Structure formats: C-alpha cells, structure tokens
Amino acid sequence: MRPPELNPLFASAQSLEGVGPRVMMFLKKALKLPGQVSEPRVIDLLTHMPTGLIDRSAMPTLADAVPGTIATIKVLVRKHRIPAAGSKAPHSVMTEDATAKLEIVFFHADRRYVERMLPPDTEVYVSGRIEKYGEKLQMMHPDHIVGLEALNTLPLLEPVYAQTAGLSGKVLHKLIGKALDLLPPVPEWLDEDVRTRLSALPFAESFHRLHYPQTPADISTASPPWQRLAFDELLAGQLALALVRQSQKNQPGRSIVGDGRVRARVLAALPFALTGSQAAAIKIVETDLAATHRMMRLLQGDVGSGKTAVALMAAAIAIEAGAQAAIMAPTEVLARQHAETIGPLAEKAGIRIGLLTGREKGKARKTVLAALAEGSIDLLIGTHALFQEEVLYKDLGFAVIDEQHRFGVQQRLALQAKGGPYGANVLFMTATPIPRTLLLTHYGDLEVSKLTEKPAGRKPVTTRAVSNDRIEEVMEGLGRALNQGAQMYWVCPLVESTGKSELAAAEERAAHLRQFFGDRVGVIHGQMPGPEKDAVMARFSAGELGILVATTVIEVGVNVPNASIMVIEHAERFGLAQLHQLRGRVGRGERQSSCILLYQGPLGETAKARIEMMRETEDGFRIAEEDLRLRGGGEVLGTRQSGVPEFRIAEVPNFPDLLETARADAALILQRDPELSTDRGQALRQLLYLFDCDEAVRLFRSG
Ligand code: ADP
Ligand code: MG
C-alpha cells in the first residue's frame, strides 16, 4: 500500500482550492498523465515542467529602462484617467519615479480593480513590458502589481508552462505552488555517488527550484534540479522493470506444448500461405510457450505485414494444449475487426471465440463471462474490457496484446495477471518500431522478433503531396477511380485549436464530397455510437460505400483490402508515425494504391521533412527513427500521436547518459537488496509510488 503521507499528492487535482470542473478540463488538456490515469491529480501538477522563463529581475529606474524589455519598476502612483462610459479609450494611470514618468494603460479593465491595485499617492512595484510611445514610456496591462511590502511575492524569475487556451500561466503556477505545499518530506533514496555526480538537491527542493527558479539556469534540462528529477523518474522506471524481470525469473512460467492439431486446421483455413517471417515468428512463439519461464516477447511488424495471422496461430498452440487464449486490441473498431476476420477461420478450425468490449452489456455480457469462466470460450477477443475485475478466465494461458504501445504498463500487467498463479504468457505486437533506447527504457530486456517480409504481391504505394489549392483536381481523380470500382479513405484531422470538433470536421468534408459523389460517401468518427461505427465499417468492407470519410479512428489496424486510395487532409498536422500508419491502410490488395497528402502551405521545416520522408520510403523502421529525430523528444503532440510511451521529466532522447546510469544503479540496488528491505530500500519504495510504479511494488507480495 502507498504510504498514507503521499495520499494528498495522489488525490484528484480537484481537491485543490480553486479547481472546479472548468479548470479540471483545462488541466486535463495541459498536463501529461500516465497511461492508466484519466483524471489529473495533484502530483501531475508537480511534474508539469516549465518550458521557459520570464526574467523580470531587471529593476531599473524609468530613465534607465530599455523599451521593449520586461522590467520591474518602483513607481509612485499619481492619478487615474478614467474613460467616459461607452468610450473605447483606455483607463490610464499616470505614475512616475525620480527619473521619469510612466503611463500604465488598461483596456476593457474593471475600473474598481485598477483603482484598488493602484491607489494614488502610494508607491508600488509594477512588472511588465516597457514600451516607448512617442516620447512617453508606457506599460500595458502589467503582469504583476504589488505593494512595497510584498516584493518577495513577485516572481522575479517566472517559469512559463506549455498550456492550453483558457488556463493562464499565472493560475497554473499558483496551482503548482499549492501542489508543492502538499509534498511531504521524503527520505533520500539516491546514493552519495550519484548525488555528487548530479550535484543533486533533495527531491522536494528540486521541484521548488524548478517552479520557483532562483537563476535562469535553474530551469534548463541540464540544471541540477532537473537532472535529479529526471534521474529519479528514470530510476523508478528501471527499478520497476528490473523488479518485473526479477519476478519473471523467479516465478516459473507455465510450459505450454501443443500437438499441432488446431494449428493445422487454422493453416488449412487461411486463404494464403504464411510468409517465411510469419512462420519463423510462430516457431519462436512455440519455443517460448514450451519453456518453463514466463513468455514475454515483442513482435514488431510493419503495418500490413500480417501480425494477425501470427496471433491466431500462436493462440492455436495454447488452445490445442487445452488452455484459453486472449487477443486484446486498443479500440472497439479494431477488436471487432479482429473478431470478424478471425471468426470464420476459427469456426473452420473448431476454435470457439468470444467478443468482449465496453459495448457488450447486460445479458450478452453475462453470457460471455459465464462461457469464459466455464471454459466454453477458447479465444476471447476484445478491448480493455479483457482485464477488468469481473472478467474471470477458466484457464488463460496465453495473451496477445495488439498495438501494445496504446496500453499502459499497468494494463499489460493486469491482463497478464489473469493467467492464474504463473501469469499468462504474453506476446506484444506493434507496428510502431521502437528504437532501442526506448525499448530498454520501457521494457528492459524484452525479447524482440521482427516480421521483415511482407506478404507476396504487395505493390508499393505511390505517395504524392498536393497543396490544398489543387483539391478540385484531386476530386476529379477520385471520381474517375470511383467509377472504376476503387474504394478510398479520406482522413480529416482533429482541429483542436479552433475548437471545432472532429465530428464537425468530418461531417463537413463528407457533405462536401456528397455533392459530387452522392450516397457513395460514408462517415466514421470517434464520437459516433459503437453500433453506428460498425454499420459504416461493414458497408465499407462490403463495397457499398466508395469513400469513407474518417477521423483517425481508422488509424490502427483497420483492414479493407480493396481500399486503394488514402487521402489525408491537412497532412502537415500529423506526426510521421501516424501518417505511416494511415498509409498502411492501403496497398493491401490487388489494385495499385496511392496516398495523397493534402497540405495547407506554407509548410514549416518539420512538416516539410515529414512529408518528404513519406514520399521517400515505406520502411516503417526508417520512418520511426526519423520520427524520433524530428521530434527530438520535445514536441509533446508528436510524442502523443506516435503512441510512444513518454516520460514527464526525463523525456528521451534528451537523457541517454542518465538512462544508462539509472539502469546500472537499478541492477546494483536489486543485487544488494532484492527485497528493498533496507532503509534505502524503503526510501526507494516511496520513489516507486511517486512515479506511479505501484504495480511493481506489489510484486514483492506475490514473489
Ligand atoms: P498487420 O500486421 O498490420 O496487423 P494484418 O494482420 O491486418 O496486418 O494483415 C494485413 C493483410 O494481409 C490482411 O488482409 C491479411 O489477410 C493479409 N495477409 C496476412 N498474411 C498474409 C500472407 N502470408 N499472404 C498474403 N496475405 C496475407
Ligand atoms: Mg494489426
């Protein structure tokens, strides 16, 4: 159990004074939350790192103030010039010091507020940008106004945070301050060597230093406080991984050996022969399953490389050995599609499948749960629903986690834990190749297999970038293709900045396309009720719809082989990995496929590089490397989109050296104190809780 003194940090941010539903909504957008957390908590404010700094420590006299810069100035308030009611003129306040005059200007300000903040004949500090207006010095809307006695409350070095419209930096900073007050004293868990090397301040003080910097250097990622916290985060991650690994080693896995019966029937039912890569991957899984330690393998295979067939064959091994298997996918659409493709094959092979998602409710759900518990389902396919508490398997031996980067560590562990005393053997699958640094960080020494070959007969996809001005031309081309029986996707991005919903964007585009192509146009988006989504997907799969206008719900995994054209609108707004995933939806069938990247110029450097890369190659591994390089770990949006798990403080790849040290340190710690029972061990347990590694601490009990 988490030490009770840490509880206030893990309470909802709403427990802070001044945070209501509205602010919560903004926080939800502004803060990075760990995968399994849906509501911002107090601690998520602490780990929200500054991205820059306003330096208002210059305190010149007015005569010395440099126009255009930010300064903090002591002035004497003289008089207010208040505009007549209804006038558009500003409320201005005349002030001065011994050297010059300064006019402070407010537009649309609350008169009483201004009068209260700047009472005539008193001296105050005002801080903001000094401007020269003709011969006069002006300051518009000072950022801060404080009385002489309150200078110490004025943040002379003010951190700046990435934020969303609606939540001011001032409010955010105030909330972070409140969160800091709730940080209890924690014991030191770093050993002296590391502390010296990092010039580390204590944990709590490091947070203080970042949110209340004393010098501009404090908020650089190279500063001692940042380095310390980054190291703490990495150490927690490495320790958790090492613990998971240790528990894997210590706990024998269940050896599963099949007789090939069910596999032979699946092979016979498959409409194609396996590629060499697929056959090799299945062979390795067979060996893993037979071993007496628990299997944990990552299968990387580019989009369209045929991972589903591997998953099914692997499940068949467990099933022919008398155990149950599960395939978990991150979205409803994908889970249903798996059920649909696998369904007919399973039937021929005598595998009894079940489907469980958030949408199966009431009686249908009960039926599935009962069948699962009594063992009359061999293979359960579904979403996050698969590891919920009330879901009990008779004997889960093997689980596949598809598009695994969409799941948090805790979620992966939760599904694994459904597998009885030994835990289920797990095969992770991903189309997003994970560079080695990230792999180490997030999985430790997980074993990795790759599907390097694509199924035969795949034709390369032609990729073109077309400016939005030429959209009419594109439409004409699409019309011709439609008349020849082609099917296509038209993807619209989220338009968060304008507040327009994804629904509106997709509906608008669909309406436009319908003017040309009538009822051959369908729409699918995330806000649509599940059954409607299914119906649209089904019509598209059956060829009744020619154009499917979609938001990124189709990004992962969707498979309609006849679809051969992918139009991506506002391609400049997508990350590389996401563009690659989307393009992977076509080029799956007989037709020559193409991908049209519609962009709105002028393009920034990064967007240009992304689009160039897309035209250059279809190699997912190259694209992933380039993606990481372009993002440089800093562009939060890109990180989110590509689905690469992320850190809050130690954003990889900014801290490769620290990562190595943390890895070595974690290994050493567990070698000396495998139960974390010494004083330092106890302190390290707190570290694990602070960085959301509860599941790892729990392993001690099961070990
Ligand atoms: P992904 O790896 O992206 O999950 P899928 O498993 O969805 O790929 O497979 C993509 C498409 O390739 C599907 O239509 C599937 O039927 C087909 N496919 C898979 N393996 C082969 C194969 N060995 N030969 C021909 N087609 C294959
Ligand atoms: Mg897939």
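Please refer to the structure placed before this passage.
Note that this is a predicted model, so its numbers are computed, not measured. (Residues numbered from 1 in each chain as written. Chains lettered and ligands numbered in written order. Predicted model: local features only at pLDDT ≥ 70, side-chain atom pairs only at ≥ 80, totals over all residues. Heavy atoms only, no water.)

**Student:** Help me get a handle on the overall build of the protein chain, residues and values and all.
**Tutor:** A tally of regular secondary structure across the protein chain gives 25 helices and 21 strands. The proportion of buried residues among the 703 residues of the protein chain is 55%. In the protein chain, 74% of the contacts between residues at least 6 apart in sequence involve partners at least 24 apart. (Helix = DSSP H or I, 4+ residues; strand = E, 2+ residues; numbered from the N terminus. Buried < 20%, exposed > 50% of the residue type's maximum accessible area, 1.4 Å probe, protein only. Contact = heavy atoms within 4.5 Å.)

**Student:** I'd like to hear about the sheet that holds strand β16 (residues 462–467), residue by residue, with values.
**Tutor:** Spatial ordering of the open sheet is given by β16-β21-β20-β17-β19-β18, a layout of six strands whose pairing is parallel. If you trace the sheet from one side to the other, it starts and ends with β16 and β18 (521–524), each paired once. This sheet shows a mean twist of 20 degrees between the axes of neighbouring strands, independent of strand direction. Looking at chain direction, strand β17 (residues 487–491) and strand β19 (residues 547–550) are connected through four bridges and run parallel. Bridging from a neighbouring strand, tyrosine 489 pairs with leucine 548 of β19. (Pairing = 2+ DSSP bridges. Axes fitted to C-alpha atoms, helices over the stretch in contact; angles between N-to-C directions.)

**Student:** Please set out the site of ligand 1 residue by residue, giving values where relevant.
**Tutor:** Around ligand 1 there are 16 residues in total, and Ala273, Gly304, Lys307, Thr308 and Arg458 lie nearest to it. Backbone polar atom of alanine 273 to a nitrogen atom of ligand 1: 2.8 Å apart, as the coordinates give it. A distance of 2.9 Å separates an oxygen atom of ligand 1 from a polar atom in the side chain of asparagine 559. For ligand 1, whose free accessible area comes to 570 Å², the fraction covered by protein is 83%. (Near = heavy atom within 4 Å. Polar contact = N/O pair within 3.5 Å; in protein donor to acceptor, adjacent residues only side chain to side chain. Areas by Shrake-Rupley, 256 points an atom, 1.4 Å probe, with all protein chains shown as cover.)

**Student:** If you had to explain helix α18 (residues 530–541) to someone new, which residues and values would you point to?
**Tutor:** Between its terminal C-alpha atoms α18 stretches 16 Å, which fits the 16 Å expected from twelve residues at 1.5 Å a residue. Every buried residue of α18 is accounted for by Gly530, Lys533, Val536, Met537 and Phe540. Buried residues of α18, viewed axially, fall in a sector of 125 degrees; they line one side. The elements touched by buried residues of α18 are α12 (332–349), β17, β18, β19 and β20 (563–568). Downstream of α18 by a residue or two, glycine 543 has a phi angle that is positive, lying close to 85 degrees. (Expected span 1.5 Å × (residues − 1). Arc of directions from axis to C-beta.)

**Student:** Before we move on, can you summarise the layout of surface pockets with the specific residues and values?
**Tutor:** Taken as a whole, the second largest pocket encloses approximately 1100 Å³ of empty space. In terms of lining, the second largest pocket is formed by 46 residues, of which the most central are Thr308, Thr341, Asn559, Pro561 and Arg588. When contributions to the lining of the second largest pocket are tallied by element, the ones reaching two or more residues are α11 (307–320), α12 and α18. Of the residues in the lining of the second largest pocket, the class split is 19 nonpolar, 15 polar and twelve charged. Three or more residues apiece are contributed to the lining of the second largest pocket by two domains, here domain 4 (261–451) and domain 5 (462–636). (1 Å grid on protein atoms, 1.4 Å probe; cavity = no way out; pocket = protein on both sides within 12 Å on 5 of 7 lines; lining within 4 Å. Points joined across faces, edges and corners; volume = space filled by probe spheres on them. Nonpolar A, V, L, I, M, F, W, Y, C, P; charged D, E, K, R; others polar. Domains from an automatic or database assignment.)

**Student:** For the pattern of salt bridges, give the residues involved together with the corresponding values.
**Tutor:** Side chains bearing opposite charge may pair, as long as their charged atoms lie close to each other. Tallied over the entire structure, the rule returns 36 salt bridges. With a closest N to O distance of 2.7 Å, arginine 41 and aspartate 692 form a salt bridge. Residue arginine 41 is found in the loop between α2 (21–30) and α3 (42–46), and its partner aspartate 692 is found in the loop between α24 (679–690) and α25 (694–702); the two are separated by 651 residues along the sequence. Overall, the relative accessible area of 9% leaves arginine 41 in the buried class. A salt bridge links arginine 336 to aspartate 534; the nearest nitrogen and oxygen atoms lie 3.8 Å apart. (Salt bridge = Lys/Arg side-chain N within 4 Å of Asp/Glu carboxyl O.)

**Student:** Any details on the sheet that holds strand β10 (residues 324–328)? Residues and values, ideally.
**Tutor:** Spatially, the seven strands line up as an open sheet ordered β11-β12-β10-β13-β14-β9-β15, and their pairing is parallel. Across the chains shown, the open sheet's two edge strands, defined by having one partner strand only, are β11 (353–356) and β15 (447–451). Neighbour-to-neighbour, the strand axes of this sheet turn through a mean angle of 20 degrees, independent of strand direction. Of the pairings in the sheet, the one linking β11 to strand β12 (residues 379–382) comprises four bridges and is parallel in character. When the bridges of β12 are listed, glycine 354 appears paired with leucine 380. Here helix α10 (residues 276–290) sits on the sheet and contacts β9 (296–301), β13 (396–401), β14 (425–430) and β15; the angle it forms with β15, its principal contact strand, is near 155 degrees.

**Student:** Pulling in residues and values, what's your account of α12?
**Tutor:** Here α12 contains 18 residues, and its C-alpha end-to-end distance of 25 Å stays within 8% of the 26 Å for a straight helix at 1.5 Å per residue. The axis of α12 is deflected most strongly, by about 40 degrees, at glycine 343, and proline proline 344 appears within four residues downstream. Looking at the residues trailing α12, positive phi occurs at glycine 350, about 75 degrees. (Bend = angle between axes of the 7 residues up to and from the residue.)

**Student:** So, the nonpolar core: which residues are in play, and what are the values?
**Tutor:** Among the nonpolar cores identified, the biggest contains 65 residues, and Leu27 and Leu45 are the most heavily contacted of them. The greatest single-element share of this core, amounting to eleven residues, is contributed by helix α8 (residues 224–250). Each of two domains, domain 1 (4–53 + 166–214) and domain 3 (232–251 + 655–696), supplies a minimum of three residues to this core. Residues in contact with leucine 45, not counting those within four places in the same chain, are Ala13, Leu16, Leu27, Leu31, Leu172, Leu175, Ile176, Ala179 and His211. (Core = buried A, V, L, I, M, F, W, Y, C linked by side-chain atoms within 4.5 Å.)

**Student:** Summarise the pairing of strand β2 (residues 70–81); cite the residues concerned and give the values.
**Tutor:** Sheet analysis places β2 next to strand β5 (residues 123–133), joined by seven bridges and oriented antiparallel. For threonine 72, the partnering residue across the bridge sits in β5 and is serine 127. Of the pairings in the sheet, the one linking β2 to strand β3 (residues 91–96) comprises five bridges and is antiparallel in character. The residue bridging arginine 81 from the neighbouring strand is serine 92, located in β3.

**Student:** Let's hear about unusual backbone geometry: which residues, and what values?
**Tutor:** Residue proline 602 is reached from glycine 601 by a cis peptide bond, and omega for that bond is -10 degrees. With respect to the secondary-structure elements, proline 602 resides in the loop between β21 (594–599) and α20 (605–616). A positive phi angle is found at histidine 570, which is not glycine, with a value near 50 degrees. Structurally, histidine 570 is set in the loop between β20 and α19 (576–583). Note on histidine 570: relative accessible area 15%, which makes it buried.

**Student:** Which residues make up the environment of alanine 373, and what are the values?
**Tutor:** The residue alanine 373 is located in helix α13 (residues 362–374) in this model. Of the residues examined, alanine 373 reaches a relative accessible area of 41% and is grouped as partly exposed. Beyond its immediate chain neighbours, meaning those up to four positions away, alanine 373 contacts Leu392 and Lys394.

**Student:** Tell me about the packing of helix α9 (residues 261–269) against α11, and name the residues and values.
**Tutor:** Contact pair α9 / α11: the axes reach a minimum separation of 7 Å and the direction vectors enclose 150 degrees. The element α9 and its partner α11 pack so that their crossing is right-handed. Of the residues in α11, those touching α9 at Arg261, Val262, Arg263, Val266 and Leu267 are Leu312, Met313, Ala316, Ile317 and Glu320. Each residue belonging to the contact of α9 with α11 can be placed in one class, and the counts come to seven nonpolar, no polar and three charged. (Left-handed = near helix turned anticlockwise from the far one by under 90°.)

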